[in-house]
Amino acid sequence: MTALTADQSAEHLPRPARLSDVKGWFFTADQLLFDWFLSHQRDRSEAGDLLELGAYLGKSAIFLGARLGAGERFTVCDLFDSPAGDASNSKEMAKSYATLTRRAFEANYRAFHDELPVIVQGLSSVIREHVADGSVRFAHIDASHLYEHVAGDILAVRELLTEGGVVVMDDFRAEHCPGVAAATWQAVTAHGLRPICITGTKFYGTWGDPGPYQDALLEWLTARGDVWHEVQQVNGGPLIRLSAKGAKEPAHPVSRYAASAAGVAEGAAARSSKASPKTSPKTSPKASAVGPAPRPERGALRRVARDLLPPVVTRAIVRARKRSGAARG
């Protein structure tokens, strides 16, 4: 049998009926924050484009694409199945993203959107050749986990962001990504990046003034009541820490396959209902099929005793019954 190529395998991926069907790591707290930051910017008419460095199979990109404003540009940069360019990065790509292909990303994205974002297939270090400086209002960095690459991505995004633009760093505290943590906090202590908030997986910051964002965010968090939060002091400024366990996710984009998936589910439920016999709600299936066991008659018990018990025991029982009957008479 001829083995399928990576692209041919991508053609056989399941069609996602909902965002949760797309593989990836994009938790409730970060969905809420992506939605909040983008809505906050839109409500204040803050112009700018969207950018994602590192897309995997498109989960967060699909979410971002649904919040793209009229006339705005969304750029996604990822190696996909291209060569990584250096031995360390190639090793990480082979270990973490061996099945990743551009076709899989595009298939997932098109399930939710009519048009693809602008795709830059290559190293994130080339992003400034494709995106204008000062044009991005929201950037999500989730490409390489190696310190040198992450540090370069952060400095590149600093030039691409608008004055009040927001950068989001993924895996800034993951145990297996110490390079991301080192690059993130170095940007805070040495390169002017100012923290706004953090979740269990992502860091949110700006090279502008974080105060207005933090004031509005705290007001929103307090009004919600279902997202835990606290404020700590880091590097001479406030940092909001939050967790959204049990909170309701924001609205998700709708897949073009959602209706057909619902129809399949309804058909399966109908077939299952027809195949299962209906039973009375007052009677369990076992009781209606078998019924209560009848009590054995006294004569049957006597016959069992006579057939199975030793003769001496049987005679003793008979004498005792006769004495009992005489006493009652």
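Up top you'll find the structure we're talking about.
So, how was this worked out
- Residues numbered from 1 in each chain as written.
- Predicted model: local features only at pLDDT ≥ 70, side-chain atom pairs only at ≥ 80, totals over all residues.
- Heavy atoms only, no water.
- Helix = DSSP H or I, 4+ residues; strand = E, 2+ residues; numbered from the N terminus.
- Buried < 20%, exposed > 50% of the residue type's maximum accessible area, 1.4 Å probe, protein only.
- Contact = heavy atoms within 4.5 Å.
- Areas by Shrake-Rupley, 256 points an atom, 1.4 Å probe, with all protein chains shown as cover.
- Polar contact = N/O pair within 3.5 Å; in protein donor to acceptor, adjacent residues only side chain to side chain.
- Core = buried A, V, L, I, M, F, W, Y, C linked by side-chain atoms within 4.5 Å.
- Pairing = 2+ DSSP bridges.
- Right-handed = clockwise from strand over helix to strand, strands pointing away.
- Salt bridge = Lys/Arg side-chain N within 4 Å of Asp/Glu carboxyl O.
- Phe/Tyr/Trp six-rings, centres within 6.5 Å; stacked < 30°, edge-to-face > 60°.
- Axes fitted to C-alpha atoms, helices over the stretch in contact; angles between N-to-C directions.
- Parallel < 35°, antiparallel > 145°, perpendicular 65-115°, else oblique.
- Left-handed = near helix turned anticlockwise from the far one by under 90°.
- Nonpolar A, V, L, I, M, F, W, Y, C, P; charged D, E, K, R; others polar.

Right, let's get into the overall build of the protein. For the protein, the helix and strand inventory stands at twelve helices and nine strands. The burial tally for the protein puts 40% of its 329 residues in the buried class. Long-range contacts, defined here as pairs at least 24 residues apart, represent 71% of the contacts in the protein between residues at least 6 apart. Accessible surface for the protein amounts to roughly 19000 Å². Of this, 54% is attributable to carbon and sulfur atoms.

Secondary-structure assignment places Arg44 in the loop between α2 (28-43) and β1 (49-53). Arg44 sits in the partly exposed class, given a relative accessible area of 46%. Of note is the side chain of Arg44, whose polar atom sits 3.1 Å from the side chain of His40.

For the rest of this paragraph, the subject is the nonpolar core. One finds Phe34, Phe37, Phe105, Phe138 and Cys197 to be the most contacted residues of the largest nonpolar core, which totals 42 residues. Elements with a contribution of two residues or more to this core: α2, α3 (59-65), β2 (74-78), α5 (102-110), β5 (161-170), β6 (194-198), α8 (211-224) and β9 (237-243). With seven residues, α2 is the largest single contributor of residues to this core. Core analysis: the next-biggest nonpolar cluster, separate from the first, contains 29 residues, Cys77, Ile141, Val188 and Ile198 among them.

Side chains on a regular strand alternate between the two faces of the sheet. With respect to burial, β5 is a largely interior element, eight of its ten residues being buried. For strand β4 (residues 136-141) and β5, the ladder comprises five bridges, and the chain directions are parallel. In the strand pairing of β5, Ala139 is matched with Val167. The handedness of the β4 to β5 crossover, carried by helix α6 (residues 147-160), is right-handed. Pairing of β5 with strand β7 (residues 202-206) involves five bridges; the strand directions are antiparallel. Bridge pairing in β7 links Val166 to Thr206.

Going through the model one piece at a time under the given rule, you end up with eleven salt bridges. Its salt-bridge partner being Lys202, residue Asp170 comes within 2.6 Å of it at the nearest N-O pair. Here Asp170 is found in strand β5, whereas its partner Lys202 is found in strand β7, with 32 residues between them in sequence. An identical accessibility class is assigned to Asp170 and Lys202; each is buried. With a shortest N-O distance of 3.0 Å, Arg241 and Glu230 are connected by a salt bridge. Residue Arg241 is found in strand β9, and its partner Glu230 is found in strand β8 (residues 228-234); the two are separated by eleven residues along the sequence. What makes Glu230 partly exposed here is its relative accessible area of 24%.

Under the definition given, this model contains 14 aromatic pairs. Seen from their ring centres, Phe34 and Phe138 are 5.1 Å apart, and the 70° between their planes marks the pair as edge-to-face. Here Phe34, found in helix α2, pairs with Phe138, found in strand β4; they are 104 residues apart in sequence, far enough to count as distant. Relative accessible area serves as the criterion here: at 0%, Phe34 is assigned to the buried category. On the basis of relative accessible area, Phe138 is assigned to the buried category, the value being 0%. Arranged with centres 5.5 Å apart and planes meeting at 10°, the rings of Phe37 and Tyr204 form a pair that is stacked.

Moving on, we come to the side chain of Thr75. Along the polypeptide, Thr75 turns up in strand β2. Leave out the neighbours within four places in its chain, and Thr75 touches Leu50, Leu51, Glu52, Val118, Val120, Ile127 and Val131.

Let's shift gears to unusual backbone geometry. Backbone geometry at Phe80 places phi at a positive 50°, although glycine is not the residue there. Its place among the elements puts Phe80 in the loop between β2 and α4 (87-96). The backbone of Asp171 sits at a positive phi, close to 60°, despite the residue not being glycine. Take Asp171: it is sitting in the loop between β5 and α7 (178-190). The exposure class assigned to Asp171 is buried, which follows from its relative accessible area of 16%.

A separate point is the packing of α2 against α8. Running from N to C, α2 and α8 point in directions that differ by 125°, and their axes come no closer than 12 Å. When the axis of α2 is compared with that of α8, the two are oblique. Helix-helix and strand crossings are classified by hand; for α2 and α8 the assignment is right-handed. The segment α2 lies against α8, with Leu32, Leu33, Trp36, Phe37, His40 and Gln41 engaging Tyr213, Ala216, Leu217, Trp220 and Arg224. For the contact of α2 with α8, a count of residues per class yields eight nonpolar, two polar and one charged.

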